[in-house]
Amino acid sequence: MHAWLEVDLNVVRNNFALIRRTVGSGVDVIAVVKTDAYGHGLEKIVETLNNQGVSMLAVMTLEEARKTRANSDKPILLMGYLDTKELTDAIDEGYVLSLYDRDQFAYYQRTAERMGKTINAHLKVETGLNRLGVMPEDAAEFLTGLHHFPNLKVEAIFSHLACADKRDQNLAQLRVIQDLLVEIQGKAPLLPIHLVSSYALGDFKEGYFDAVRVGLAIYGSDEVIKDLEPALACKSRVMQIKEIGVGEGVSYGRYFITERPTKIAVVSIGYGDGLSQVFRGNMSVLIKGQKFPIIGQICMNHIIADVTGADIKRSDEVVVIGKQKSPDGVEAEITVAELAQQGRIRHHEIVTRLGRALEKKYID
């Protein structure tokens, strides 16, 4: 195997338990497992979370919902777009649907009525992200007129934080929800609310409401609350070692020119395996517990490390993300958070790209 991911399911369990303790017993936890559980493997993650106290699982597509249902008995929130056939299948199979557009109200009602079914749904309200979501005034009109939609059972209201790590902006979005609640008070049923996502877990407790909706925190890709650990490691192997002289170009485009005699290690992973080219010139890997810089262009299936002065051999394990010990037992680590900062790229993009391309090994 030229490159692979290792996912520690015990870490997933520990992270979820920490989130559970952080939010307290009165708040449900909705686990976001969309996009193959952020690249960690949907089936295994769902199976792991099913007995850990998760209240609901959130996905983006009907295919993901079906895979989730096969591995869990928890309610499933299907948040993404559904075409006509997918909608009837989703209603028939009993998933909780997301209402995020005014046009859906009557259309979903007609469809459910024709099928003789009831749609369980969460109403997504636009509070500041300006992506999916019903405008607050439309949400108020809908919620106070639910008797016009007898086949739509709205179970909750939710929204999405735009800058979850910025408390002042979170408060502004919270106020939109509060204003909506004031407007519909006494005219519509009191519904559960979920607003907070992973980055807001630490300092936005007033936004917890009835449930939190978290993804990144479960996988530990960043320490959004103290003591979370990364569940995922990415590893590869050294394919070749060679010595090159001064003034030699390394990799495509000769973006890197050696300024001294240089020992290089060609490593079997590249952008075809999900490693973005944004990391050119600003990432390192671990070999024998030591960090070595990646030089030159990231290729489709290869990266090249400067290992000058080190005793590195063909087939040595290379850690792109994760921990590794040196021969004398000293442990070093490269985190997704570190890579994200270096590449100015989101944590989610790193792990989902790698997760789509590489085989996974599970530790349990």
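The following paragraphs examine the structure supplied in this document. All values reported here derive from a predicted model rather than from experimental measurement.

Reading guide: rules and limits
Residues numbered from 1 in each chain as written. Predicted model: local features only at pLDDT ≥ 70, side-chain atom pairs only at ≥ 80, totals over all residues. Heavy atoms only, no water. Buried < 20%, exposed > 50% of the residue type's maximum accessible area, 1.4 Å probe, protein only. Helix = DSSP H or I, 4+ residues; strand = E, 2+ residues; numbered from the N terminus. Pairing = 2+ DSSP bridges. Salt bridge = Lys/Arg side-chain N within 4 Å of Asp/Glu carboxyl O. Axes fitted to C-alpha atoms, helices over the stretch in contact; angles between N-to-C directions. Parallel < 35°, antiparallel > 145°, perpendicular 65-115°, else oblique. Left-handed = near helix turned anticlockwise from the far one by under 90°. Contact = heavy atoms within 4.5 Å. Nonpolar A, V, L, I, M, F, W, Y, C, P; charged D, E, K, R; others polar. Patch = residues over 30% accessible without salt bridge, like charges linked within 9 Å, V, L, I, M, F, W, Y side chains within 5 Å. Areas by Shrake-Rupley, 256 points an atom, 1.4 Å probe, with all protein chains shown as cover. Lys, Arg positive; Asp, Glu negative; His and termini not counted. Charge placed at Lys NZ, Arg CZ, Asp CG, Glu CD. Polar contact = N/O pair within 3.5 Å; in protein donor to acceptor, adjacent residues only side chain to side chain. Phe/Tyr/Trp six-rings, centres within 6.5 Å; stacked < 30°, edge-to-face > 60°. Lys NZ or Arg CZ within 6 Å of the ring centre and 35° of its normal.

**Some words on the pairing of strand 18 (residues 331-334)**
Burial of the side chains of strand 18 is restricted to one face: Ala332 and Ile334 are buried, whereas none of Glu331 and Glu333 on the reverse face is. Two strands pair when backbone bridges link them, and strand 17 (residues 317-325) and strand 18 are joined in this way by 4 bridges, in the antiparallel orientation. Bridging across to strand 18, Lys323 finds its partner in Glu333. Linkage of strand 17 to strand 18, two consecutive antiparallel strands, is achieved through a turn of 5 residues, within which Gly329 is found at a positive phi near 90 degrees.

**As for the pairing of strand 14 (residues 284-287)**
Both strand 14 and strand 15 (residues 290-293) contribute to a ladder of 4 bridges, which runs antiparallel. Note that in strand 15 the partner of Val285 across the bridge is Phe292. Where strand 14 folds back onto strand 15 in an antiparallel hairpin, the turn is made up of 2 residues, including Lys288, whose phi is positive at roughly 55 degrees. As paired elements, strand 14 and strand 17 share 2 bridges and run antiparallel to each other. Directly across from Ile287, in strand 17, lies its bridge partner Val318.

**Quick notes on the pattern of salt bridges**
The tally for this structure, following the rule as stated, stands at 19 salt bridges. One salt bridge in this structure joins Asp92 and Lys117, with 3.4 Å as the shortest N-O distance. You can see Asp92 sitting in helix 5 (residues 84-93) and its partner Lys117 sitting in the loop between helix 6 (102-115) and strand 6 (119-124), a full 25 residues away along the chain. Judged by its relative accessible area of 48%, Asp92 falls in the partly exposed class. The network of salt bridges with shared partners includes Arg66, Lys85, Asp89 and Glu93.

**A word on the packing of helix 4 (residues 62-69) against helix 5**
As a packed pair, helix 4 and helix 5 sit with axes 11 Å apart at the nearest point and diverge in direction by 20 degrees. Judged by the angle between their axes, helix 4 and helix 5 are roughly parallel. Where helix 4 crosses over helix 5, the two elements pack in a sense that is left-handed. Residues Leu62, Arg66 and Arg69 of helix 4 touch helix 5, and the partners they reach there are Glu86, Asp89, Ala90 and Glu93. In terms of residue class, the contact of helix 4 with helix 5 is built from 2 nonpolar, no polar and 5 charged.

**Overview of unusual backbone geometry**
One non-glycine residue, Tyr38, lies in positive phi territory at about 55 degrees. On the secondary structure map, Tyr38 appears in helix 2 (residues 34-38). The exposure class of Tyr38 is buried, given its relative accessible area of 9%. Of note, the phi angle at Phe209 is positive, near 50 degrees, even though the residue is not glycine. If you trace the backbone, Phe209 turns up in the loop between strand 8 (193-194) and strand 9 (211-214). The exposure class of Phe209 is partly exposed, given its relative accessible area of 26%.

**Some words on a negative patch on the surface**
On the surface, Glu223, Glu229, Glu331 and Glu333 cluster together to form a negatively charged patch. The topology assignment puts Glu229 in the loop between helix 9 (216-219) and strand 10 (232-244). Classification of Glu229 as partly exposed rests on a relative accessible area of 38%.

**Here we look at the side chain of His347**
The residue His347 is located in helix 11 (residues 347-357) in this model. Owing to a relative accessible area of 12%, His347 belongs among the buried residues under this scheme. One polar contact links His347 to Tyr199, side chain to side chain, over a distance of 3.3 Å. With residues near it in sequence (within four places) discarded, His347 still touches Tyr199, Leu216, Ser221, Asp222, Val336, Ala337 and Ala340.

**Some points on the packing of aromatic side chains**
Counted under the stated rule, the structure contains 5 aromatic pairs. An angle of 10 degrees between the planes, with centres 3.9 Å apart, marks the rings of Phe105 and Phe142 as stacked. Residue Phe105 is found in helix 6, and its partner Phe142 is found in helix 7 (residues 136-144); the two are separated by 37 residues along the sequence. Of the two residues examined, Phe105 and Phe142, each falls in the buried class. Members of the aromatic cluster, each reached through a chain of ring pairs, are Phe105, Phe142 and Phe149. A cation sits over an aromatic face here: Lys44 above Tyr362, 5.9 Å from the ring centre. Over the aromatic face of Trp4 sits the side chain of Lys361, whose NZ or CZ is 4.6 Å from the ring centroid.

**Considerations on the packing of helix 10 (residues 336-343) against helix 11**
The N-to-C vectors of helix 10 and helix 11 enclose an angle of 110 degrees; their axes lie 8 Å apart at closest approach. By the angle between their axes, helix 10 is roughly perpendicular relative to helix 11. Read as a crossing pair, helix 10 and helix 11 show a hand that is right-handed. For the pair helix 10 and helix 11, contact is made by Val336, Ala337, Leu339 and Ala340 and by His347, Ile350 and Val351, respectively. Residues of the contact of helix 10 with helix 11, tallied by class, amount to 6 nonpolar, 1 polar and no charged.

Nothing here speaks to function; it is all geometry.
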